[in-house]
Amino acid sequence: MKRALPLHLALQRVRAELKTAAGLSRDLQGVTGSLAARAGLRASEVRRLQSADLLSQVLDDLDTCLAALSLAAPTDATIETTRLASGLRLGDLAARLYDTDSAPAACAGELDLF
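Just so we're clear, the structure is a prediction, and the values are computed from it rather than from any experiment.

Draft legend 1. Up close: the overall build of the protein. If you tally the helices and strands in the protein, you get five helices and two strands. Ordered by position from the N terminus, the helices and strands of the protein form the series β-α-α-α-β-α-α. Counting over 114 residues, the protein shows a buried share of 23%.

Now the structure itself:
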């Protein structure tokens, strides 16, 4: 059965996931910075670890772009949830985006215990 979501709602859900990912990125940045300080890394290795900060900034900027897109989306525009599914590997992410009660079957690389 095909289900449709309002486009602005789909964009808001993606924004929420981006915010979560940005928060995870900032947490990882803090942990790697702390570990790097204790490990006595070379300057070139420290510069490579700074990509975690860049990742956080990119995720934040994508959220800003999606906020504008969400506001500009026509209120009557919808998207089929099957379109949202294409390419997603994480069942729990798909479930949050689709507003379903259960996640899709696990894909390759995902451990499905329940």
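Draft legend 2. Geometry of helix H1 (residues 7-39). The end-to-end C-alpha distance of H1, which contains 33 residues, comes to 47 Å, matching closely the 48 Å that a straight helix rising 1.5 Å per residue would cover. Every buried residue of H1 is listed here: Ala-10, Leu-11, Arg-13, Leu-18, Ala-22, Ser-25 and Ala-36. Just downstream of H1, Gly-40 is the residue with a positive phi angle, here 65 degrees.

Draft legend 3. Representation of the environment of Thr-82 within the structure. Mapped onto the fold, Thr-82 is located in helix H4 (residues 81-85). Sequence-wise, Thr-82 and Lys-2 are 80 residues apart; in three dimensions their C-alpha atoms are separated by 7.1 Å.

Draft legend 4. Here's a closer look at the pattern of salt bridges. Summed over all chains, the structure comprises five salt bridges. Close ionic contact of Glu-45 with Arg-42 constitutes a salt bridge, the shortest N to O distance being 3.5 Å. Of the charged contacts in the structure, one is a salt bridge between Asp-92 and Arg-96, with a shortest N-O distance of 3.4 Å. Placement of both Asp-92 and Arg-96 in helix H5 (residues 91-98) is noted, with a separation of four residues, approximately one turn of the helix. Under the relative-accessibility criterion, Asp-92 is labelled partly exposed at 42%. Take Arg-96: its relative accessible area is 42%, and that puts it in the partly exposed class. Salt bridges sharing common partners tie together Glu-17, Asp-92 and Arg-96.

Draft legend 5. Expanded view of the nonpolar core. Leu-5, Ala-10, Ile-79, Leu-84, Leu-93, Ala-94, Leu-97 and Tyr-98 form the largest nonpolar core, which has eight residues in total. For this core, the element with the highest residue contribution is H5, accounting for four residues. The residues contacting Leu-5, other than those within four sequence positions of it, are Arg-13, Ala-77, Thr-78, Ile-79, Thr-81, Leu-84, Leu-97 and Tyr-98. One finds Leu-11, Leu-59, Leu-66 and Ala-73 within the second-largest nonpolar core, a separate group that totals six residues.

Draft legend 6. Main features of the packing of H1 against helix H3 (residues 51-72). One can describe the packing of H1 onto H3 by two numbers: an axis separation of 9 Å at closest approach and a directional angle of 165 degrees. Of the possible angle classes, the one that applies to H1 and H3 is roughly antiparallel. Every pair of crossing elements has a handedness; the one defined by H1 and H3 is left-handed. Of H3, the residues touching H1 (which contributes His-8, Leu-11, Gln-12, Val-14, Arg-15, Leu-18, Lys-19, Ala-21, Ala-22, Ser-25, Arg-26 and Gln-29) are Ala-52, Asp-53, Leu-55, Ser-56, Leu-59, Asp-60, Leu-62, Asp-63, Leu-66, Ala-67, Leu-69 and Ser-70. Considered class by class, the residues forming the contact of H1 with H3 number twelve nonpolar, six polar and six charged.

Draft legend 7. Just H5, in detail. The buried fraction of H5 is high, at six of eight residues. For H5, every residue scored as buried is listed here: Gly-91, Leu-93, Ala-94, Ala-95, Leu-97 and Tyr-98.

About the cut-offs
Residues numbered from 1 in each chain as written. Predicted model: local features only at pLDDT ≥ 70, side-chain atom pairs only at ≥ 80, totals over all residues. Heavy atoms only, no water. Helix = DSSP H or I, 4+ residues; strand = E, 2+ residues; numbered from the N terminus. Buried < 20%, exposed > 50% of the residue type's maximum accessible area, 1.4 Å probe, protein only. Expected span 1.5 Å × (residues − 1). Salt bridge = Lys/Arg side-chain N within 4 Å of Asp/Glu carboxyl O. Core = buried A, V, L, I, M, F, W, Y, C linked by side-chain atoms within 4.5 Å. Contact = heavy atoms within 4.5 Å. Axes fitted to C-alpha atoms, helices over the stretch in contact; angles between N-to-C directions. Parallel < 35°, antiparallel > 145°, perpendicular 65-115°, else oblique. Left-handed = near helix turned anticlockwise from the far one by under 90°. Nonpolar A, V, L, I, M, F, W, Y, C, P; charged D, E, K, R; others polar.

So, to be careful, I would describe these as geometric facts and stop short of saying anything about function.
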